[in-house]
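# What the coordinates show
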Amino acid sequence: MAFAMGTPLLDACVLAVLSRGDAYGYALTQRVKAQLDISGSTLYPVLRRLERDGHLTVYDQPYQGRNRRYYAITKLGRVRLEERRQEWSDFRDGLEELLKEDK
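Okay, so let's go over this structure.

Reading guide: rules and limits
Residues numbered from 1 in each chain as written. Predicted model: local features only at pLDDT ≥ 70, side-chain atom pairs only at ≥ 80, totals over all residues. Heavy atoms only, no water. Patch = residues over 30% accessible without salt bridge, like charges linked within 9 Å, V, L, I, M, F, W, Y side chains within 5 Å. Areas by Shrake-Rupley, 256 points an atom, 1.4 Å probe, with all protein chains shown as cover. Salt bridge = Lys/Arg side-chain N within 4 Å of Asp/Glu carboxyl O. Helix = DSSP H or I, 4+ residues; strand = E, 2+ residues; numbered from the N terminus. Buried < 20%, exposed > 50% of the residue type's maximum accessible area, 1.4 Å probe, protein only. Pairing = 2+ DSSP bridges. 1 Å grid on protein atoms, 1.4 Å probe; cavity = no way out; pocket = protein on both sides within 12 Å on 5 of 7 lines; lining within 4 Å. Points joined across faces, edges and corners; volume = space filled by probe spheres on them. Nonpolar A, V, L, I, M, F, W, Y, C, P; charged D, E, K, R; others polar.

### Quick look at a nonpolar patch on the surface
Among the surface-exposed residues, Trp-88, Phe-91, Leu-95, Leu-98 and Leu-99 lie close enough to one another that they form a single nonpolar patch of about 560 Å² accessible area. Residue position: Leu-98 is located in helix H4 (residues 75–99). According to the relative accessible area criterion, Leu-98 is exposed, its value standing at 68%.

### Focus on the pairing of strand S3 (residues 66–73)
The two faces of the sheet receive side chains in turn, since in a regular strand these alternate between them. Two strands pair when backbone bridges link them, and strand S1 (residues 23–24) and S3 are joined in this way by 2 bridges, in the antiparallel orientation. Its bridge partner being in S3, Ala-23 is matched across the sheet by Tyr-71. As defined by bridge partners, strand S2 (residues 56–63) adjoins S3 across 8 bridges and the pair is classed as antiparallel. Looking across to S3, one finds that Gln-61 is bridged to Arg-68. Here S2 folds back onto S3 in antiparallel fashion, the turn holding 2 residues, of which Gln-64 has a positive phi close to 50°.

### Regarding the pattern of salt bridges
Enumeration over the complete set of coordinates arrives at 8 salt bridges. Between Glu-97 and Lys-100 there is a salt bridge; the shortest N-O distance is 3.1 Å.

### What to know about the layout of surface pockets
Its volume calculated, the largest pocket comes out at about 510 Å³. In terms of lining residues, the largest pocket is bounded by 17 residues, among which Phe-3, Ala-4, Met-5, Leu-9 and Trp-88 are the most central. Those elements giving two or more residues to the lining of the largest pocket turn out to be helix H1 (7–19) and H4. Looking at which element gives the most residues to the lining of the largest pocket, the answer is H4, with 6 residues. The class makeup of the residues in the lining of the largest pocket is 13 nonpolar, 1 polar and 3 charged. By volume, the second largest pocket amounts to about 160 Å³. Lining the second largest pocket, in full, are Leu-9, Ala-12, Cys-13, Ala-16, Arg-20, Leu-81, Arg-84, Arg-85 and Trp-88. Contributions of two or more residues to the lining of the second largest pocket are made by H1 and H4.

Remember that the coordinates give geometry; whether it matters functionally is a separate question.
Here you go:
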């Protein structure tokens, strides 16, 4: 069974990956896809929105004669990530309470 992935949770996942270090688009997509059942094309609009909102910066780095676009989390992005982590924790705790078995 698959659960719907909302925008705030997807944002948190992307920000969490980038909090561990800068990543270029394909590598970032593969890291997220390793844990979540999403298509690669799902993340690029998320990355553009997070950049527009000031949560990410973007820079190009030469690689084998081409440029790779790298994404880096900003200070504002780290603040947003901590907010999302707290929201996730509260949400998860509430769900666990609702779904726990009767004893």
